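# Breakdown of the fold
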Amino acid sequence: MAINPPVLNAPLAVPGFRVGTASCGVKSPALKGKRQDLALIVGDVPCHAAGVFTKNRFRAACVRHGEATLSTQAENVRAIVANSGNANAGLGEMETVWARNLIEAGAEAAGVAADQVLSASTGVIGTPFPIDRIRASVHEATDSLSADHWEQAAHAIRTTDTFAKWSSAVVSIDGQSYTLTGIAKGSGMIHPNMATMLAFVATDAPIPADVLAPMLRRVADRSFNCISVDGDTSTNDTMYLLSSGIGLGHAPLSETAVFEQALTELCIELAQLIVRDGEGVTKFVTIEVSGAATEAEARTVGRAVAVSPLVKTAFAGSDANWGRILSAVGNSGVAIDTNRITLRADDVLMFENGNIHPEYSDEQGMAVFRQPEFSISLDLGMGSESAVVWTGDLTHDYITINAEYRT
């Protein structure tokens, strides 16, 4: 069950985009008509695009197709077609054929060329892809295309998610207002270098593709690559960012820092929603690492704590076992001086200068760990750089959900 499922404001329409959904029975024919499981995002004009993908070496065909398309069509993307219920991964040669078939079906539904279409799939790995069922129902996505259907699309890409995830923002630059809207899915198999997650963000801000690409990598490092539910990185993780602005006739932004900040905040919100909806998660924990020699080392330490099963089970049991946290720091591979480390849980000082703080008591720590949301702060005393990572606990429910995932 999700932690405090949020009440989200309705997502905003983005000039230059329409969104539709279809019920194809992707996971099972019995689900046809019972839930939407295909989303189609269509640009009314050629869009500039960028993407970031899983680092898992067992990469699904949709990931490989996406990288290839962006290498030649980054200034000419017209649509994204995405399905839930089947990952189309681990299926040999047919995986590539089916991925291409999905793109072709999406292109026909959007009324654009196949080489202008990006795709994404999520769901069970190793199950034959039901392309015939998708072809039979993809027209529903065409029929439902609307500027206001982002929420429906967020529902359509869910797998084990208990709620749909979206976020919108409006940013003003040089007297002109631009909209950003993003949707995401993810609940399990979540770890840095992306996760079992899909995320699609659209904007009418006029930004060239060669600027979008490095920007998106920076944003992902500060958002989706800073969350961990269970330490597993998926075969299908994909994030796309599309800009319709230049196609709508706007001159490219001369300064993009304000837009990048807005995009970062939007993606952090989506990333945090994924952690809050983590499989079996009952606690949302912010891990703040400061005093590092580099930002990368701060993030590495934070991830080591976030992914430790012993730390996460301590969170689940409300056990303020600070030794597990320090052990995870020591296992991170980052050079540290244990005599410089300071550890806090919220405002409770637990460990300082190589030893337990003399005024600390377990009762103080347990009171913090019993809360549904709290922070762990680590000052490494090695420099001035910092990073933040978000994670949850590891409960019996996580085992149940994943032991029964296919049954």
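Residues numbered from 1 in each chain as written. Predicted model: local features only at pLDDT ≥ 70, side-chain atom pairs only at ≥ 80, totals over all residues. Heavy atoms only, no water.

### Focus on the packing of helix H8 (residues 295-307) against helix H10 (residues 322-330)
With their axes 8 Å apart at the nearest point, H8 and H10 run at an angle of 135 degrees to one another. Relative to H10, the element H8 is oriented oblique. For the pair H8 and H10, the crossing hand works out as right-handed. Here Val301, Ala304 and Val305 of H8 come into contact with H10, specifically with Ile325, Ala328 and Val329. The residue inventory of the contact of H8 with H10, partitioned by class, reads six nonpolar, no polar and no charged. (Axes fitted to C-alpha atoms, helices over the stretch in contact; angles between N-to-C directions. Helix = DSSP H or I, 4+ residues; strand = E, 2+ residues; numbered from the N terminus. Parallel < 35°, antiparallel > 145°, perpendicular 65-115°, else oblique. Left-handed = near helix turned anticlockwise from the far one by under 90°. Contact = heavy atoms within 4.5 Å. Nonpolar A, V, L, I, M, F, W, Y, C, P; charged D, E, K, R; others polar.)

### Re the pairing of strand E7 (residues 198-203)
With six of its six residues buried, E7 lies for the most part within the structure. Taking every second residue as pointing to the same face, both faces of E7 are buried, with Leu198, Phe200 and Ala202 on one and Ala199, Val201 and Thr203 on the other. Across six bridges, strand E6 (residues 176-185) lies against E7 in antiparallel orientation. Opposite Leu180, over in E7, you have Thr203 as the bridge partner. Relative to strand E9 (residues 238-243), E7 runs parallel, the two sharing six bridges. Bridging across to E9, Val201 finds its partner in Leu241. (Buried < 20%, exposed > 50% of the residue type's maximum accessible area, 1.4 Å probe, protein only. Pairing = 2+ DSSP bridges.)

### Some words on the side chain of Ser167
Summarising the element assignment, Ser167 is placed in strand E5 (residues 165-173). For Ser167, a relative accessible area of 4% translates into the label buried. Of note is the side chain of Ser167, whose polar atom sits 2.9 Å from the side chain of Glu269. With near-sequence residues (within four places) excluded, Ser167 lies in contact with Leu180, Thr181, Gly182, Leu266, Glu269 and Leu270. (Polar contact = N/O pair within 3.5 Å; in protein donor to acceptor, adjacent residues only side chain to side chain.)

### Brief notes about the confidence of the model for the protein
Averaged over all residues, the pLDDT of the protein is 91; the fraction at 70 or higher stands at 92%. Here residues 189-195 scores under 50 on pLDDT; set against residues more than four positions off or in separate chains, the count is 43 contacts. (pLDDT = per-residue confidence, 0-100.)

### Some points on the pairing of strand E10 (residues 284-292)
Burial analysis of E10 places seven of its nine residues in the buried class, the great majority of the element. The pairing of E10 with strand E14 (residues 373-379) spans seven bridges and is classified as parallel. Paired with Ser290 across the bridge in E14 is Asp379. Inspection of the sheet shows E10 paired to strand E15 (residues 385-392) by seven bridges, in the antiparallel sense.

### Focus on the packing of aromatic side chains
Tallied over the full model, the rule gives six aromatic pairs. Here the aromatic rings of Phe200 and Tyr240 are separated by 6.4 Å at their centres, their planes lie at 15 degrees, and the arrangement is stacked. Within this pair, whereas Phe200 is found in strand E7, its partner Tyr240 is found in strand E9, the two being separated by 40 residues in sequence. In this structure Phe200 comes out as buried when scored by relative accessible area, which is 2%. Put simply, the rings of Phe53, Phe200 and Tyr240 touch in pairs and so form one group of aromatic residues. The residue whose ring lies beneath Lys165 is Phe163, and the NZ or CZ to ring-centre distance is 4.6 Å. Stacked on the ring of Phe284, the Lys or Arg Arg276 has its end atom at 4.1 Å from the ring centre. (Phe/Tyr/Trp six-rings, centres within 6.5 Å; stacked < 30°, edge-to-face > 60°. Lys NZ or Arg CZ within 6 Å of the ring centre and 35° of its normal.)

### Side note on the pattern of salt bridges
Overall, the coordinates contain 13 salt bridges when judged by the stated rule. A salt bridge links Asp161 to Lys165; the nearest nitrogen and oxygen atoms lie 2.7 Å apart. For Lys165, the salt bridge goes to Asp277, with nearest N and O atoms at 2.7 Å. Taken together, the positions of Lys165 in strand E5 and Asp277 in the loop between helix H7 (257-276) and E10 put the pair 112 residues apart, joining distant regions of the chain. Linked through salt bridges whose partners overlap, the residues forming this network are Asp161, Lys165 and Asp277. (Salt bridge = Lys/Arg side-chain N within 4 Å of Asp/Glu carboxyl O.)

### Digging into the packing of helix H6 (residues 209-221) against H7
Two elements in contact, H6 and H7, have axes whose closest approach is 9 Å; the angle formed by their N-to-C orientations is 40 degrees. Comparing the axis directions of H6 and H7 gives the class oblique. Seen along the crossing, H6 lies across H7 with a hand that is right-handed. For the pair formed by H6 and H7, the contact residues are Met215, Arg218 and Val219 on the first element and Phe259, Glu260, Leu263, Thr264 and Cys267 on the second.

### Topic: the side chain of Arg158
Mapping Arg158 onto the fold places it in the loop between helix H5 (150-156) and E5. Looking at Arg158, its side chain comes within polar contact range of the main-chain oxygen of Thr162, at 3.5 Å. Beyond its immediate chain neighbours, meaning those up to four positions away, Arg158 contacts Arg35, Ser84, Phe163, Ala164 and Lys185.

### Description of helix H9 (residues 309-316)
Residues lying three or four places apart along an α-helix face the same way, a consequence of the helix completing one turn every 3.6 residues. Along H9, the positions that sit buried rather than exposed are Val311, Lys312, Ala314 and Phe315. For H9, the arc enclosing every buried residue in end-on projection is 155 degrees, short of the 170-degree limit, so these residues lie on one face. Pointing more than 90 degrees away from the buried face of H9 are the exposed residues Pro309 and Leu310. Once H9 ends, the next one or two residues include Ser318, with phi positive near 55 degrees. (Arc of directions from axis to C-beta.)

### With respect to the state of the cysteines
Here a disulfide denotes a covalent bond joining the sulfur atom of one cysteine to the sulfur atom of another. A full pass over the atoms with the stated rule returns zero disulfides. Free cysteine Cys24: the closest other cysteine sulfur is in Cys62, separated by 16 Å. With no disulfide of its own, Cys226 lies 12 Å from the sulfur of Cys267, the closest cysteine sulfur. (Disulfide = S-S within 2.5 Å.)

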